[in-house]
Amino acid sequence: MTAVWITIAGLVVTTVAIKAAGPVLIGGRELPAAANAVIGLLAPALLTALILTDTFARDQELTIDARAAGLGCAAVAVALRAPLLVTVLVAAVGSAAVRAVS
Amino acid sequence: MSARLEAYRPGIRAGVGFGAAAFVVGLSFGVVAQPTMGSVAPIVMSVFVFAGSAQFGATAVLAAGGDAPTAIATGAMLNARFLSMGVAAAPALRGGPLRRAAEGQAVVDASWALAARGEGGFDREKLLGATLPQYPLWVAGTVAGVLLGGVVGDPAELGFDAIFPAFFLGLLAAELGRPRALPVVVLAGAIALALTPVLPAGLPVLLASVAAVLGLWRR
């Protein structure tokens, strides 16, 4: 049980430090235009990486399972301009359906 | 409502939608964590850590019999992307170092993506406003998950593990109109997938940030 509480304490400290690092070190300085050109594209880069690893990674292994079906359903919903909550629900239902039959 | 508070409204409105998803994912965290950690620890973790991927990752390590240092390191690596996000948000935050550090805690994936502007600017009020409803709903979801654990069974069977990727895909769709977004998406995806088998989980996502240097190309 102690391992759980040590883990929680360690995660609190590291998470706070990681989130504080940029704001504290950079402060209110305006970044040069070249840095802004890169930072403006961080969102699509990070979101893409999160989507693919959340869908196709199982620890360090790449796999295709029911989550991929969920993502496919989400892609259809996004293409049809569905609201975000509908997209999420459609993905959950699609993934659950594939898991139920496989 | 005063003009100052008015600035937070668009963020709060979007944050309620994000929060509904956070509630469901928090619920699945509570369900998954309860057998490993008991009923109190998952809730304490959600209250004080408030970082879904790190919480899931650390719990998975403990559930597999791993020790605390491994669980902490796993969580920290899964959080590494917040370094990039914090750098992007920094110029927009206010006050001295302590207040900036505190405002930086509001950086969570959905709020950050909503607040990031294409040209490198950042909307502080959207970030803070969108995180405001997500935090209590994340904690409430965890409480519900701990309580419902035995009833809902395996959250994956209900498709809950497809929620985060779908959620991020919806956010990504809003980014695709930006100049050079498509090549960045392709490169970031290639980096993340290529590094997944060789690096611990979390680092491939941080290193996919490198794809954003395409922003320097033929400006």
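Residues numbered from 1 in each chain as written. Chains lettered and ligands numbered in written order. Predicted model: local features only at pLDDT ≥ 70, side-chain atom pairs only at ≥ 80, totals over all residues.

## Describing the overall build of chain A
Convention followed: For the purposes of this entry, the term helix denotes a DSSP run of H or I that reaches at least four residues, the term strand denotes a run of E that reaches at least two, and both are numbered from the N terminus. In this description the radius of gyration comes from C-alpha coordinates, and the expected globular size is given by 2.2 Å times residues to the power 0.38. Three exposure classes are used. Buried residues have 20 or more other C-beta atoms within 10 Å of their own C-beta, exposed residues have 12 or fewer, and partly exposed residues fall in between, all C-beta atoms being placed from the backbone. For the purpose of contact definition, each residue receives a C-beta atom placed from its backbone, and two residues are in contact when these atoms lie within 7 Å.
Along chain A, the regular secondary structure elements total 5 helices and 2 strands. For chain A, the sequential pattern of α-helices and β-strands runs α-α-α-β-β-α-α. At 19 Å, chain A has a C-alpha radius of gyration far larger than the 13 Å of a compact globule built from 102 residues. Dimensions of chain A along its principal axes, counting C-alpha atoms only, are 50 × 45 × 25 Å. Within chain A, the proportion of its 102 residues that are buried is 50%. Put simply, of all contacts in chain A between residues at least 6 apart along the chain, 31% involve residues at least 24 apart.

## Considerations on the domain arrangement of chain B
All names here are of chain B. We count it as follows: Boundary definitions for the domains trace back to an automatic or database domain assignment. Basically, the charged four are Asp, Glu, Lys and Arg, the nonpolar ten are Ala, Val, Leu, Ile, Met, Phe, Trp, Tyr, Cys and Pro, and anything else, Gly included, counts as polar.
The domain architecture assigned to chain B consists of domain 1 (3-175) and domain 2 (176-219). Relative to domain 2, the C-alpha centre of domain 1 lies at a distance of 22 Å. Facing the 12 residues of domain 1 at the interface are 10 residues of domain 2. Breaking the side of domain 1 that touches domain 2 down by element, the ones donating at least two residues are helix H5 (68-78), helix H6 (81-89) and helix H10 (163-173). Broken down by class, the residue content of the side of domain 1 that touches domain 2 amounts to 6 nonpolar, 4 polar and 2 charged.

## Details of the interface of chain B and chain A
Bring the parts together and some accessible area is lost; that lost area is often taken as the interface size. Opposite the 86 residues of chain B that make contact, chain A presents 69 residues. In terms of residue count, the dominant contributor to the side of chain B that touches chain A is H10 of chain B (11 residues).

## Points about the confidence of the model for chain B
Residues and elements named next belong to chain B. Here is the rule: Along the chain, pLDDT gives the predictor's confidence residue by residue, from 0 to 100.
Looking at chain B as a whole, the pLDDT averages 91, with 99% of positions reaching at least 70. Of all secondary-structure elements in chain B, the lowest mean pLDDT belongs to helix H1 (residues 3-6), at 82, while helix H3 (residues 40-48) reaches the highest, 98. At the level of chain-chain contacts, confidence expressed as ipTM amounts to 0.90, with global pTM at 0.86.

## Observations regarding helix H2 (residues 9-37) of chain B
Worth spelling out the cut-off: Working definition for bend: take the seven residues up to and ending at a residue and the seven starting at it, fit an axis to each, and measure the angle between the axes.
At valine 16 of chain B, H2 of chain B shows its maximal bend, which comes to roughly 30°. Looking one or two residues beyond H2 of chain B, the residue adopting positive phi is glycine 38 of chain B, at roughly 80°.

## With respect to the packing of helix H1 (residues 2-26) of chain A against helix H4 (residues 52-63) of chain B
For clarity, the cut-off: Structural elements are reduced to axes, namely lines fitted to C-alpha atoms, with helices fitted over the stretch in contact, and the angle between N-to-C directions of any two is expressed from 0 to 180 degrees. Any angle that falls under 35 degrees is termed roughly parallel, while one over 145 is termed roughly antiparallel, one within 65 to 115 roughly perpendicular, and all others oblique. Whether a crossing is left-handed or right-handed is set by the direction in which the near helix is turned from the far one by less than a right angle, anticlockwise for left-handed and clockwise for right-handed.
Relative orientation of the contacting elements H1 of chain A and H4 of chain B amounts to 150°, with a least axis distance of 11 Å. When the interaxial angle is binned, H1 of chain A and H4 of chain B end up roughly antiparallel. Our pair here, H1 of chain A against H4 of chain B, has a crossing hand that is right-handed. Where H1 of chain A approaches H4 of chain B, its residues Ala3, Val4, Thr7, Leu11 and Thr15 of chain A are matched on the opposing element by Ala54, Ala58 and Leu62 of chain B. Tallied by class, the residues present in the contact of H1 of chain A with H4 of chain B amount to 6 nonpolar, 2 polar and no charged.

## Focus: the environment of valine 24 of chain B
Residues and elements named next belong to chain B. For valine 24, the position within the fold is in helix H2. Residue classification places valine 24 among the buried residues on the basis of 24 C-beta atoms within 10 Å. Measuring from C-alpha to C-alpha, the distance between valine 24 and serine 84 comes to 27 Å, with 60 residues separating the pair along the chain. Setting aside chain neighbours within four positions, we find valine 24 in contact with Gly141, Phe160 and Ile163.

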